[in-house]
Amino acid sequence: MAREIKTYPDPVLKKKGREIEKITENIKDLAQEMVETMYQNQGIGLAAPQVGESLRLITVDVSGPDFREDLHVLINPELIELDGETCTEEGCLSLPGFKCRVTRAEEVTVKGLAPDGTEKVIQATGLLAVCLQHEIDHLNGKVLLDYSGRMKKIMYEKKATKRKEE
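Quick caveat: nothing in here was measured; it's all calculated off a predicted structure.

Conventions adopted
- Position numbers for residues start from 1 in each chain and track the written sequence from start to end.
- Per-residue local features of the predicted model are confined to residues with pLDDT of at least 70, and side-chain atom pairs are confined, for both listing and counting, to 80 or more; whole-chain, interface and lining totals are unaffected and use all residues.
- Side-chain measures were taken over the full set of non-hydrogen atoms in the model, leaving aside hydrogen atoms and water.
- Counting from the N terminus, the helices are the DSSP runs of H or I reaching at least four residues and the strands are the DSSP runs of E reaching at least two.
- Burial here depends on accessible area, computed with a 1.4 Å probe over protein chains only, as a share of the maximum for the residue type. Under 20% is buried, over 50% is exposed, and the range in between is partly exposed.
- Here, the term nonpolar core denotes a set of buried Ala, Val, Leu, Ile, Met, Phe, Trp, Tyr and Cys residues that are joined through side-chain atoms within 4.5 Å.
- In this description, contact between two residues means that some pair of their heavy atoms is separated by no more than 4.5 Å.
- Paired strands, as defined in this entry, are two strands with at least two bridges between them according to DSSP.
- All axes here are fitted lines through C-alpha atoms, helices being fitted over the stretch that makes contact, and every angle between N-to-C directions spans 0 to 180 degrees.
- Here is the rule: rings of Phe, Tyr and Trp (six-membered ring for Trp) pair when centre to centre is within 6.5 Å. Planes less than 30 degrees apart are stacked, more than 60 are edge-to-face, and the remainder are tilted.
- Any Lys NZ or Arg CZ that is within 6 Å of a ring centre and within 35 degrees of that ring's normal is treated as a charge sitting over the ring.

Student: Any details on the overall build of the protein chain? Residues and values, ideally.
Tutor: The helix and strand inventory of the protein chain stands at three helices and seven strands. Reading the helices (α) and strands (β) of the protein chain from amino to carboxyl end gives α-β-β-β-β-β-β-β-α-α. With respect to the principal axes defined by its C-alpha atoms, the protein chain has extents near 45 × 35 × 30 Å. Buried residues in the protein chain amount to 45% of all 166 residues.

Here it is, written out as structure tokens:
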């Protein structure tokens, strides 16, 4: 079952996600719901805070939104190696209509757990590297808006507040 995506300025988006101590059926169900939500909303990545859960869990599939061939589900992911630099324009399901350019590492190594409890290490470049960093930002209470200039941020905050009031 897909979940509602939380949008800015929902406070859950600014909270640091809690480490997942034990992989329970509830965590596996949440991961599956996040995958469904990501695909249903034509996304290529989703973090648990975006569906209202302040936990360290992400789903990523950069083969989307048209294909669904490279799914990664990571519990307690951490960036263990970063190299190079790239600047790309990013959007976010939690910030409808907002895009900004972000400088990130060009290559990353990410370590976490798969839903079956096995350790998973992903060495990524390009879009996958950018997407992993973006989703891990969410787990640390950082949103795309934090990378934008002051004026762009103020303008978006006004729009978001107005949208919430409607």
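Student: How would you explain the nonpolar core if you had to name every residue and give the values?
Tutor: In terms of nonpolar packing, the biggest core is built from 16 residues, with Ile20, Leu30, Met34, Leu46, Leu55 and Leu57 touching the most fellow members. Taken together, the elements giving at least two residues each to this core come down to helix 1 (25-40) and strand 3 (72-83). The leading source of residues in this core is helix 1, at seven residues. Here Met34 is in contact with Leu46, Ala47, Ala48, Val51, Leu57, Ile58 and Thr59, once residues within four sequence places are set aside. Core analysis: the second largest hydrophobic core is formed by 15 residues, Leu74, Leu132, Ile136 and Leu139 among them.

Student: So, the sheet that holds strand 7 (residues 119-125): which residues are in play, and what are the values?
Tutor: One open sheet holds the five strands; their spatial order is 1-2-3-6-7, and the pairing between them is antiparallel. The two strands at the open ends of the sheet, each matched to only one other strand, are strand 1 (45-47) and strand 7. Between one strand and the next, the sheet's axes are offset by a mean angle of 35°, whatever the strand orientation. Where strand 6 (residues 107-113) meets strand 7, seven bridges bridge the pair, whose relative direction is antiparallel. Note that in strand 7 the partner of Val108 across the bridge is Ala124. Strands in contact with helix 1 are strand 1, strand 2 (57-60) and strand 3; relative to strand 2, the strand with the most contacts, it is inclined by about 35°. Lying on the sheet, helix 2 (residues 126-139) is in contact with strand 1, strand 2, strand 3, strand 6 and strand 7; it crosses strand 2 at an angle near 155°.

Student: I'd like a rundown of unusual backbone geometry, residues and numbers included.
Tutor: Residues apart from glycine generally show negative phi values, whereas peptide bonds are mostly found in trans. For the bond from Tyr8 to Pro9, the omega torsion is 15°, close enough to zero to count as cis. If you trace the backbone, Pro9 turns up in the segment before helix 1. Phi is positive for Gln42, which is not a glycine, with a value near 60°. Tracing the backbone shows Gln42 in the loop between helix 1 and strand 1. Gln42 gets classed as partly exposed once you look at its relative accessible area, which sits at 46%.

Student: With reference to specific residues and values, describe the packing of aromatic side chains.
Tutor: Evaluated as defined, the whole model comprises one aromatic pair. Positioned above the aromatic ring of Phe98, the side-chain terminus of Lys152 is 5.2 Å from the ring centre.

Student: Hey, could you go over the environment of Lys16 for me, with residue numbers and the actual values?
Tutor: Summarising the element assignment, Lys16 is placed in the segment before helix 1. Taking relative accessible area as the criterion, Lys16 reaches 59% and is therefore assigned exposed. With eleven residues separating them along the chain, Lys16 and Ile27 place their C-alpha atoms 17 Å apart. Contacts of Lys16, omitting those with residues within four sequence positions, involve Ser54, Arg56, Leu139, Asn140 and Gly141.

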